[in-house]
Amino acid sequence: MGDCIFCRIASGEMKTPLLLENDSVAAFSDINPQAPVHVLVVPKEHVETTNELSGKPELVQKLFLACLQVAEQTGLAEDGYRIVANCGAKAGQSVYHVHFHLLGGRPMSWPPG
Ligand code: DGP
C-alpha cells in the first residue's frame with residue numbers, strides 16, 4: 001500500500017522514531033497526542049481495520065503484547081492506561097491501517113464521547 005502513511009512509518013520509509021519494533025509490529029508516538037503518552041501500535045503488514053484481524057490471531061497477539069510492552073517501557077503499566085482501536089467511520093477511524101492507541105499519563109473518564 002504505497003500511499004498508506006502507517007505502512008511508510010512502519011517500514012522505515014518515513015523517518016519516525018519507533019518506541020518498539022519487531023518482525024511484525026511497530027510503535028510510535030501519535031502526531032496529535034490526546035494524553036501525555038499517546039502511542040500507536042501498528043502491524044507492519046497492511047491490514048485496514050480490526051475486522052480483518054479476525055483471521056490473524058497471531059498478529060492480534062503480537063499487537064496486544066506490543067501494547068503491554070510499550071506500557072511498561074513508558075511507565076504507564078503501574079498507574080494505568082487505555083488501549084483503543086477505532087474501527088470504521090462511526091468509531092472515527094481516520095487512518096485505514098489497523099492501529100491500537102495506547103493512552104496514559106492523565107486521568108480518563110468513561111464512557112468516551
Ligand atoms: P484513528 O482516528 O483511530 O484512525 O487515529 C489515527 C491517528 O493517527 C490520529 O490520532 C492521528 C495519527 N496520525 C495520523 N497521521 C499520522 C502521522 O503521519 N504520524 C503519526 N505519528 N501519527 C499520525
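None of these values were measured; they are calculated from a predicted model.

What to know about the pattern of salt bridges
The full count for this structure, using the stated rule, is 4 salt bridges. Between Lys44 and Glu21 there is a salt bridge, with its nearest N and O atoms 2.8 Å apart. Highlighted residues: Lys44 in the loop between β3 (37-43) and α2 (57-73) and Glu21 in strand β1 (residues 20-21), separated in sequence by 23 residues. Across the pair Lys62 and Asp23 runs a salt bridge whose closest N-O atoms are separated by 3.8 Å. Taken together, the residues Lys62 in helix α2 and Asp23 in the loop between β1 and β2 (25-29) connect sequence positions 39 residues apart. Residue classification places Asp23 among the exposed residues on the basis of a relative accessible area of 62%.

What about α2?
For α2, built from 17 residues, the straight-helix expectation of 24 Å at 1.5 Å per residue is met to within 8% by its first-to-last C-alpha distance of 24 Å. Every buried residue of α2 is accounted for by Leu59, Leu63, Ala66, Cys67, Val70 and Ala71. Considered in projection along α2, the buried side chains sweep an arc of 140° and stay on one side of the axis. Looking at α2, the residues exposed on the side facing more than 90 degrees away from the buried face are Pro57, Glu58 and Glu72.

What to know about unusual backbone geometry
The omega torsion of the bond from Trp110 to Pro111 falls at 5°, within 30 degrees of zero and hence cis. Note that Pro111 resides in the segment after β5 (100-104).

Here's the deal with the state of the cysteines
One pass over the full model with this rule turns up 0 disulfides. Here Cys7 is not disulfide-linked; the sulfur of Cys4 is the nearest cysteine sulfur, at 3.8 Å. The class for Cys7 is buried, based on a relative accessible area of 12%. Cys87 takes part in no disulfide bond, and the closest cysteine sulfur to it belongs to Cys4, at a distance of 15 Å.

Thresholds applied
Residues numbered from 1 in each chain as written. Predicted model: local features only at pLDDT ≥ 70, side-chain atom pairs only at ≥ 80, totals over all residues. Heavy atoms only, no water. Salt bridge = Lys/Arg side-chain N within 4 Å of Asp/Glu carboxyl O. Helix = DSSP H or I, 4+ residues; strand = E, 2+ residues; numbered from the N terminus. Buried < 20%, exposed > 50% of the residue type's maximum accessible area, 1.4 Å probe, protein only. Expected span 1.5 Å × (residues − 1). Arc of directions from axis to C-beta. Disulfide = S-S within 2.5 Å.

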